[in-house]
Each structure stands twice: as structure tokens, then as C-alpha cells.
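Breakdown of the fold
Listed below are the residues making up each chain.
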Amino acid sequence: MLFMTRVKVNSGMVKDVEKSATKKYRDDKEGKTVSILSSKGGVGKTTICVSLIDFLAQKGFRITAVDADVNAPNLAKWFDNISDWDKEGDIKIFPLPNVYKKCRDIKILCDGTELPVELEKRGDVYVKEKYTPSFANYSINLISGDIMKGKTGSGKVVEGTIKTSDDFDYDFRVIDSAPGTGYPVLTCIINSDYVVLVTEATSLGFKDLKKLIGIVEKKGVPYGVVTNMDTDPEIANQIRSYVGENYVSSLPYDETIPLALKKSLPPTRLESPSSKKLNEISEKIFSKIR
Ligand SMILES: Nc1ncnc2c1ncn2[C@@H]1O[C@H](COP(=O)(O)OP(=O)(O)OP(=O)(O)O)[C@@H](O)[C@H]1O
Ligand SMILES: [Mg+2]
């Protein structure tokens, strides 16, 4: 869909013209945030995240992509392998902002006003604004948190990264979370309108998934579950019936997926059965957050 703008033409007449800029589907609404989470690492969060970003951006939505896996950020590796952020001319490196917390959240008696929480200068937030990947005809904002090696306090760096991304206009903000159930993950959950929980179909994966579901439900955030590489179909079925209507889909094992990472492309950009499946997963997530 194109949107119209009024411009003056030479004769002084006013004429409606098509403006080919990015669509503004959600102009009248607040941008929505979706986080991709998993209790265990390496189960396909970034794979699903990159596919969702590419899917939504191709539809013309304004996207802010956030890498909140600050101990091992790699979202940008899927987009032209931008790893040396600070060596490129158009990258801005922001110092971490102060993060504001409602004082009632930090359990002291007060009226609920916002207090700045001092962040130690432990890491930086890297921002690539209106970045156009070589394979795409759209631009996105890429925000990546990166804690300095060997330092603690990744939760605060995640808060700072998400806070930095608040400054950008977007229809959808997609956050790639760290694995686990700790404070960095909780920070992603409480900043989200919807979360996607990715799990492997193993008994251990199922146990960890239940723990993560408990946290998400406690925070009242709607969620969907994706199982990846269903090695144990029986457990996959158990997960499916446990999560009921929150079940999104399963992603089959497909060797094209690591190949896409090698080429720094979203896996949906390569012909394979999983690319169709990944687009179906993105479509389902989109139907929940639109
Ligand atoms: N369905 C699949 N078939 C084959 N390989 C896959 C599949 N899903 C993911 N992979 C591969 O598994 C590895 C881990 O995937 P990915 O990076 O998406 O996981 P992650 O949950 O983001 O990991 P981390 O917790 O380290 O951030 C990657 O090499 C990816 O290409
Ligand atoms: Mg990842």
C-alpha cells in the first residue's frame, strides 16, 4: 500500500502524488515489541528473529532490531556480517544511557517517581540507523548491546540497550534475547507486547520451557511457542498439548539454515523447505502482534 502526500507543482496547483517512502501502517498506534527467548542456548532464537525481521521489513514496516544477547551479540552477523561496528564510518557508538526505574520497583518507600539508575560504563550500545542490508530493499535500525569482556552486570547493559532503542520510530521492535531465565531475559519480557519461546523437543528442553512459561505468565505477557529440530516427536507432542493455543509451529532440521548464516543472509532468502516454514512462523507471530 502506498500513502499519499500533497505537493505543490510548478503551476501552483496542488496535486496528490504517490510517495514511495516506507509505509506507515501503524501511524495511529504505538509500535509493538516482540522478543525471541529460550531457556537453553543455541536452539534457534536468532534464526527465528532474523526471519521475522526480514518478513516484517519486506512488508514495509519500520523495524528496529535489537540484539539483547549482550554477552554474545551476533544478530548483525546475519546482516552482511557487520561485526566490526567501530571500524565503519556510519556507525554511531552511544554510551549507555541512564536507565530509569520506578522507585517502587526498587522497594523503597516513595511516591513512584522515576529515579535514574547509574550504569557503570561497562559496555556500549552500537547503533546502525536506517541500515540497508545488501540483500534487501528496505532499511532497518540495528541496535546491538555489547558488554565488555569479563564484566558482570549484563542485565543493566540489556536495559541500556533497550532504552537506547526507545528513541527510534518503529512499527515493530524485534528483540533477540540472551538464553536463560535471569534478569537480562526478564528485562526483555517486561519490555515486550508478545514473546516467542523457542525450545528443542527434548525432556530437558521441555523442563526449561515450563520454567520460562512460568515467568512469562507471571508477568502477564502473551506468548507463542516454537519447537525446533524435533528430535523426539513424542516430547514435541507433549509440548504441543501442554502449551495448547500458545503453540505456534515446529521448525524442522534443515542444513540450509547454517548455510544461510555462513552467507550472512536470513535463512528465508535461500530456497529450502525451512524457508517456507519460517515464513509461516513469522506470519503467525505477525497475526498476534499486528
Ligand atoms: N532447524 C534448524 N536446522 C538446522 N540448523 C539449525 C536450525 N535452527 C538453528 N540451526 C543452527 O543452529 C545454530 C544455533 O542457532 P541460533 O543461533 O539461531 O540459536 P540461538 O538460540 O540464537 O543461539 P544463542 O543462544 O547462542 O544465541 C546456528 O548455527 C543455526 O544455523
Ligand atoms: Mg542467538
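Thresholds applied
Residues numbered from 1 in each chain as written. Chains lettered and ligands numbered in written order. Predicted model: local features only at pLDDT ≥ 70, side-chain atom pairs only at ≥ 80, totals over all residues. Helix = DSSP H or I, 4+ residues; strand = E, 2+ residues; numbered from the N terminus. Buried ≥ 20, exposed ≤ 12 C-beta atoms within 10 Å, placed from the backbone. Contact = placed C-beta atoms within 7 Å. Pairing = 2+ DSSP bridges. Near = placed C-beta within 6 Å. Nonpolar A, V, L, I, M, F, W, Y, C, P; charged D, E, K, R; others polar. Core = buried A, V, L, I, M, F, W, Y, C linked by C-beta atoms within 7 Å. Expected span 1.5 Å × (residues − 1). Arc of directions from axis to C-beta. pLDDT = per-residue confidence, 0-100.

**Examining the overall build of the protein**
- Assigned secondary structure in the protein consists of seven helices and 13 strands.
- With 290 residues in all, the protein has 40% of them scored as buried.
- Contacts in the protein between residues at least 24 apart in sequence constitute 69% of all its contacts with a sequence separation of at least 6.

**Section: the environment of Leu251**
- Relative to the elements of secondary structure, Leu251 occurs in strand β13 (residues 247-251).
- For the pair Leu251 and Ser275, spaced 24 residues apart in sequence, the C-alpha separation works out to 9.5 Å.
- Ignoring sequence-local partners within four residues, the contact set of Leu251 consists of Gly44, Val226, Asn228, Ser274, Lys277, Leu278 and Ile281.

**Regarding the pairing of strand β4 (residues 63-68)**
- Counting buried positions over the six residues of β4 gives six, a clear majority of the element.
- Sheet analysis places β4 next to strand β9 (residues 140-147), joined by four bridges and oriented parallel. Within β9, the residue paired with Val66 across the bridge is Ile143.

**Regarding the site of ligand 1**
- The full set close to ligand 1 counts 20 residues, and Gly41, Lys45, Thr46, Thr47 and Pro258 are the nearest of them.
- Taken together, the elements giving at least two residues each to the shell around ligand 1 come down to α1 (45-58) and α6 (256-262).
- Among the residues making up the shell around ligand 1, the classes are represented as nine nonpolar, eight polar and three charged.

**As for the nonpolar core**
- If you look at the biggest cluster of nonpolar residues, it comprises 60 residues, and the most contacted ones within it are Ile53, Ile63, Val174, Val196 and Leu197.
- In terms of residues, this core owes the most to one element, α1, which gives eight residues.

**A few points about helix α7 (residues 273-289)**
- In this model α7 runs 25 Å from its N-terminal to its C-terminal C-alpha over 17 residues, within 8% of the 24 Å that 1.5 Å per residue would give.
- Burial in α7 covers these residues: Ser274, Leu278, Ile281, Ser282 and Ile285. Buried residues in α7, looked at end-on, bunch into an arc of 100°, giving them a common side. Along α7, exposed side chains directed more than 90 degrees from the buried face belong to Pro273, Lys276 and Ser287.
- In this structure, the buried residues of α7 make contact with β3 (32-37), α1, β11 (194-200), β12 (223-228), β13 and α6.

**Comments concerning the confidence of the model for the protein**
- Mean pLDDT over the protein works out to 84, with 81% of the residues at or above the 70 mark.
- Ignoring residues within four places in sequence, the model shows residues 1-26, a span with pLDDT below 50, making 25 contacts including any to other chains.

**Concerning the environment of Val158**
- With respect to the helices, strands and loops of the structure, Val158 is situated in helix α2 (residues 154-165).
- Along the primary structure Val158 and Ser177 are separated by 19 residues, whereas in three dimensions their C-alpha atoms are 8.9 Å apart.

**Looking at α1**
- With 14 residues, α1 should cover 20 Å at 1.5 Å per step; its first-to-last C-alpha distance of 20 Å lies within 8% of that length.
- Extensive coverage of α1 is indicated by the burial of 13 of its 14 residues.
- Just beyond α1, the residue with positive phi is Gly60, at close to 95°.

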